[in-house]
Amino acid sequence: MNTLARRSAPAFVLAFLAACLFVRLASFGIWDPWELERADSARALLGGEGPKGFVGLSTWAVAMGFRQFDVHEWSGRMPIALFGLLTILTAYAIGRRVSDARGALYTAVVAATSPLFLLNARQMLGVAPSFFAQALFGFALVSLVRTLVAPDRSTTRRDLAVWSLFAMATGALAAFAAGVLQGVLAPLVAAAIVPPLFGRASGGDSARTMVYGALALAAAGLTAGTVNAILHPESASALWIGGSPVSGTPPTFEIALERIFHGFAPWSALLPAAIAVTIGAGMWTPDPDAAPASPVDAETDAGRTDARLYLVLWAAFGYAALTYFSSHYGNTTYLPVVALAALVASFLRDVERSDSEWWVAGIVSALLAALIIRDFDLYPSSPLGGLTVGEVEVPDVFHPNMIWAALLGAFAVVTGLVFGIAPIPTRLDLRAPFRALRSLWRTGTGQKIWLVLAALLCVALVALGVTAAVAAKPLHLTTVAAKWAKRVAVLPVLVPIGFVVAQVGLWLLTRLGRFRVVPVLVVGGVIGAYVAQGFLPTLSAHFSPREVYDRYNALAKAGEPLGEYRLGSRAAAYYARGDVKELKSQDALVKFLAEPGRRWAVIPADELAAVDRNFRQAAGRHLFVADNRSARVVLASNEQVSGVSNKNFVANSVLREAPKIEHPVNVNFEGRVELLGYALKLPHNGYVGAGESFEVTWYWKALRGGLGSYKVFVHVDGDGQRLNGDHDPVDGKYPVRLWDEGDIIVDRQELKIPSNYGAGTYTLYLGLFSGENRMKITGGPADSDNRANAGTLTVR
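Residues numbered from 1 in each chain as written. Predicted model: local features only at pLDDT ≥ 70, side-chain atom pairs only at ≥ 80, totals over all residues. Heavy atoms only, no water.

1. Comments concerning a positive patch on the surface
So, step 1. Taken together, the side chains of Arg-427, Arg-431, Arg-438 and Arg-442 present a region of like positive charge at the surface.
So, step 2. Residue position: Arg-427 is located in the loop between helix H16 (401-420) and helix H17 (432-443).
So, step 3. Under the relative-accessibility criterion, Arg-427 is labelled exposed at 69%. (Patch = residues over 30% accessible without salt bridge, like charges linked within 9 Å, V, L, I, M, F, W, Y side chains within 5 Å. Areas by Shrake-Rupley, 256 points an atom, 1.4 Å probe, with all protein chains shown as cover. Salt bridge = Lys/Arg side-chain N within 4 Å of Asp/Glu carboxyl O. Lys, Arg positive; Asp, Glu negative; His and termini not counted. Charge placed at Lys NZ, Arg CZ, Asp CG, Glu CD. Helix = DSSP H or I, 4+ residues; strand = E, 2+ residues; numbered from the N terminus. Buried < 20%, exposed > 50% of the residue type's maximum accessible area, 1.4 Å probe, protein only.)

2. Considering a nonpolar patch on the surface
So, step 1. A contiguous nonpolar patch, built from Val-490, Leu-491, Val-493, Leu-494, Val-495, Ile-497, Phe-499 and Val-501 and spanning about 700 Å² of accessible area, is present on the exposed surface.
So, step 2. Mapped onto the elements, Leu-494 comes out in helix H20 (residues 491-512).

3. With respect to helix H5 (residues 101-112)
So, step 1. Taking 1.5 Å per residue as the helical rise, H5 with its twelve residues ought to reach 16 Å, and the 17 Å between its terminal C-alpha atoms agrees with that figure.
So, step 2. Where burial is concerned, most of H5 is hidden: ten out of the twelve residues are buried. (Expected span 1.5 Å × (residues − 1).)

4. A word on the nonpolar core
So, step 1. Of all hydrophobic cores here, the largest spans 164 residues; its most connected members are Phe-264, Trp-267 and Leu-384.
So, step 2. Once you skip the residues sitting within four places of it in the chain, Phe-264 turns out to touch Val-110, Ser-114, Leu-116, Leu-271, Val-337, Leu-340, Ala-341 and Val-344.
So, step 3. Counting 42 residues, the second-largest nonpolar core is a separate cluster that includes Leu-675, Trp-700, Val-712 and Val-714. (Core = buried A, V, L, I, M, F, W, Y, C linked by side-chain atoms within 4.5 Å. Contact = heavy atoms within 4.5 Å.)

5. Some details on the sheet that holds strand S4 (residues 624-627)
So, step 1. Spatially, the five strands line up as an open sheet ordered S2-S1-S3-S5-S4, and their pairing is mixed. Strands at the two margins of the open sheet, each flanked by one partner only, are strand S2 (580-583) and S4. The mean angle between the axes of side-by-side strands here comes to 30°, regardless of whether they run parallel or antiparallel.
So, step 2. Sheet topology note: the strand S3 (residues 600-604)/strand S5 (residues 633-637) ladder contains five bridges and is antiparallel. Bridging from a neighbouring strand, Ala-601 pairs with Ala-636 of S5. (Pairing = 2+ DSSP bridges. Axes fitted to C-alpha atoms, helices over the stretch in contact; angles between N-to-C directions.)

6. A word on the side chain of Glu-547
So, step 1. Among the structural elements, Glu-547 can be located in helix H22 (residues 546-555).
So, step 2. The residues touching Glu-547, leaving out its near neighbours within four places in the chain, are Ala-541, Asp-627 and Arg-629.

7. Comments concerning the sheet that holds strand S8 (residues 673-681)
So, step 1. Here six strands make up an open sheet; going across it, the order is S6-S12-S9-S8-S7-S15 and the pairing antiparallel. Since the sheet does not close on itself, it has two edges, and those belong to strand S6 (654-655) and strand S15 (777-779), each with one partner.
So, step 2. Sheet topology places S8 next to strand S9 (residues 693-702); eight bridges connect them, and they run antiparallel. Along S9, the bridge assignment pairs Val-673 with Ala-702.

8. Focus on the side chain of Asp-740
So, step 1. Here Asp-740 lies in the loop between strand S11 (721-724) and strand S12 (744-752).
So, step 2. A relative accessible area of 14% places Asp-740 in the buried class.
So, step 3. Once you skip the residues sitting within four places of it in the chain, Asp-740 turns out to touch Arg-613, Gln-617, Ala-702, Arg-704 and Gly-705.

9. Some words on unusual backbone geometry
So, step 1. Cis rather than trans, the peptide bond between Asp-32 and Pro-33 has omega equal to 15°.
So, step 2. In this structure, Pro-33 sits in the loop between helix H1 (3-22) and helix H2 (34-46).
So, step 3. At the junction of Ala-265 and Pro-266, the peptide bond is cis and its omega measures out at 0° in the coordinates.
So, step 4. Following the sequence through the fold, Pro-266 ends up in the loop between helix H11 (253-263) and helix H12 (271-283).
So, step 5. We note that Arg-24 has phi near 60°; this positive angle belongs to a residue other than glycine.

10. Some details on the pairing of S5
So, step 1. The buried fraction of S5 amounts to five of the five residues, a majority that puts the element mostly inside the structure.
So, step 2. Here S5 shows no split at all, with Val-633, Leu-635 and Ser-637 on one side and Val-634 and Ala-636 on the other all buried.
So, step 3. Here S4 hands over to S5 after five residues, the two strands then running antiparallel side by side.

11. Notes on the pattern of salt bridges
So, step 1. If you walk through the whole model with that rule in mind, you get 23 salt bridges.
So, step 2. The residue Asp-375 makes a salt bridge to Arg-374 at a minimum N-O spacing of 2.6 Å.
So, step 3. Where Arg-787 meets Asp-783, a salt bridge forms, and the shortest distance between an N and an O atom there is 2.7 Å.
So, step 4. Taking the relative accessible area as the measure of exposure, Asp-783 reaches 23% and is therefore partly exposed.
So, step 5. Each of the salt bridges in this network shares a partner with another, and the network as a whole consists of Asp-100, Arg-102, Arg-308, Arg-349, Asp-350, Glu-352 and Arg-353.

12. Regarding the confidence of the model for the chain
Low pLDDT marks regions whose predicted coordinates should not be analysed in detail.
So, step 1. The pLDDT averaged across the chain works out to 87; a share of 93% of its residues lies at or above 70.
So, step 2. Segment residues 284-299: pLDDT under 50, and four contacts once partners within four positions in sequence are set aside and those in other chains are kept. (pLDDT = per-residue confidence, 0-100.)

13. Considerations on helix H19 (residues 479-488)
In an α-helix, one turn spans 3.6 residues; hence positions three or four apart end up facing the same way.
So, step 1. Restricting attention to buried positions, one finds in H19 the residues Thr-479, Ala-482 and Ala-485. The buried residues of H19 occupy an angular sector of 130° when projected down its axis, which confines them to one face. (Arc of directions from axis to C-beta.)

14. Side note on the packing of aromatic side chains
So, step 1. As enumerated under the stated definition, the model contains 27 aromatic pairs in all.
So, step 2. Centre to centre, the rings of Trp-267 and Phe-411 are 5.4 Å apart; their planes meet at 90°, and the pair counts as edge-to-face. A residue pair is termed long-range when its members are at least 10 positions apart, and Trp-267 in the loop between H11 and H12 and Phe-411 in helix H16 qualify at 144 residues. When sorted by exposure, Trp-267 lands in the same class as Phe-411, which is buried.
So, step 3. Ring geometry for Trp-700 versus Trp-739: centroids 6.2 Å apart, planes at 45°, classification tilted. In this pair, Trp-700 sits in strand S9 while Trp-739 sits in the loop between S11 and S12, placing the two residues 39 residues apart along the sequence. Here the two residues Trp-700 and Trp-739 agree in accessibility, since each one is buried.
So, step 4. Taken together, the ring pairs connect Phe-376, Phe-398, Trp-404, Tyr-530 and Phe-535 into an aromatic cluster.
So, step 5. Between the NZ or CZ atom of Arg-487 and the centre of the ring of Trp-484, over which it lies, the distance is 4.9 Å.
So, step 6. One Lys or Arg, Arg-787, reaches over the ring of Tyr-765 and ends 3.8 Å from the middle of that ring. (Phe/Tyr/Trp six-rings, centres within 6.5 Å; stacked < 30°, edge-to-face > 60°. Lys NZ or Arg CZ within 6 Å of the ring centre and 35° of its normal.)

15. Description of the packing of H2 against helix H3 (residues 57-69)
Two measures define how a pair of helices packs: the angle their axes make with one another and the distance between the axes.
So, step 1. Between H2 and H3, the shortest axis-to-axis distance is 8 Å and the interhelical angle comes to 65°. The angle between the axes of H2 and H3 places the two elements in the roughly perpendicular class. In this structure, the crossing between H2 and H3 has a hand that is right-handed. Between H2 and H3, the contacting residues are Arg-38, Ala-39, Ser-41, Ala-42, Arg-43, Leu-45 and Leu-46 on the first element and Ser-58, Thr-59, Trp-60, Val-62, Ala-63, Phe-66 and Arg-67 on the second.
So, step 2. Grouping the amino acids of the contact of H2 with H3 by side-chain chemistry returns eight nonpolar, three polar and three charged. (Parallel < 35°, antiparallel > 145°, perpendicular 65-115°, else oblique. Left-handed = near helix turned anticlockwise from the far one by under 90°. Nonpolar A, V, L, I, M, F, W, Y, C, P; charged D, E, K, R; others polar.)

Structure below.
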């Protein structure tokens, strides 16, 4: 890398990280209620109200933003993001202490690109000020530790005095930011333990002995004070703990570990290897018979080793503080994010300096990245584990799992390859595989037979694929067989292409040399950009009502009132123009909407069906939903809005007149419900293939109201197989208990035929059940088990 590139790389990287922090800070609304609570607390401080309990630096930062730039989303988030930027710069400084200039840059990248950091640095509810305060305290202590263990000739009393005073000042800041338990004890106790633990505490130097004694005394005193505050919370200052005791069942220790693992993704996949290498380096004793290293190198390596061991202890004690606080004082987050980042970055530098493969570390890291993919898919709220709001349920309509799988999958692959390939430049030779085949051909008759058989297999695969494409129906091939025949037909083409891509990729990796881990950092940076600019704004649309109020402000005319039902009026104070009426009961809401003139209401999305039903009974028509982008709230009106489509799902699912039905059935259930018929939407003309999905729309008519808590069961039977499709109607949004006399219910359902289903004709059965009881069929085609016989389905 030339000199210009080396000098410009840090500026470019830091500019990218700053862009992740600051760009589009106002692009998403305030999270209700979590971010809203922090904003309200900040406004209370500005109003002169005294803080109740421990406030912390984050609330003060938001208040200062409001004071300087008025109350806006961006003005409250800007100070938090600024503290995030300061944290990145502090991470860079710590990286210089434990590694070199490039390792410092890597530390900044790792620290700034995880959900744990970004979600706390781009929201008012974030704890980026606490990240910064503890990181700055940690920087002072790691510098002090290096000074204490350095040889006499490389340190001065002035160095000891400067770092001691700096540690005292930054320790006070950390205590103000997060309390002594979480903000101070972890880095302080680690600093007091490292020098004597590894046998490098200096002796004979009175100044350093006095400074180390003061450090140990401070650690012991603050630990004792914290223990006393825990044992006597009624008389202790909240500053010791940073919170008040809460009731409830405390989480077990592994919950905190899971939150760190998920929040620090993707870098948490590298943490076990980084910690193992660091501890191994600290415990390793040089061979006394080996040639001595230069004095400067020996001193530098010892200081950096002690600094990295300090990071391990800092991170470990931070986990202990997190676990205890979460168990007794409520939700919190993991503060030593910079310690973890410096450990991972130092490990990456170790890999980069090495000429060897790191296969074990690569395989373990790739497997852990795959575990993160699985967790993010099964538990969509996992990336939010680093927030202080506890368990947050991600709406079902938010599906980023494919994006996570692609990004984390790329991280796993790149990490495995980078760690598994030695940085030895090789010549790119695209004809090498073909020369290997030629050499194999010349080896003997046995090898020729195998090559001929392989060629014939390729020809057969292509022929099978062509046959499946042009003659699947005449040959009566099942859909599954035809699909796989077409897929395997491309293998003879993909294999040589795959060899070329693999050769080029491996050649590029070997050419990176001493920059071999850069691809890992690039993928990590892409993940960070997605978290900041994609994941967070998209998720916020479901946690913030801003879009709903913006829509009201754009559509409502002067004098058209807005009602809030079961939401409170705090969010409206930030977004809605004009007066907002709070409606505490559904009767009050319906009465409000039934009054003359256009009126608007913000309604919880999960109560729309019940509200629409009551409004329909009063007004004889459906509510008009103007905005449903949020999974939590919708904007409704009592009148249609010109030029805007009605997004009320009930209006499309509950009709007064039956449409033309493709497959009439007319089955009567006890004179209470009638199955009118159904329509099929199949992937092929007249049939569905095994392993494929199809859509069926059931049309029901309520003959009476007050039907009770029934569900719909669906059986697709045939050839000894059964596909079960039990469900609540309309995706559970309009259950049977809400059906009124005369309602025509349009119930769409998607079913998937299992891959092991053979070709044939299957029968569609369905009915209504509650627990072990089924509603009896009193008219229409049915079997003896009170199952309506709706017709047949062809599977090929």
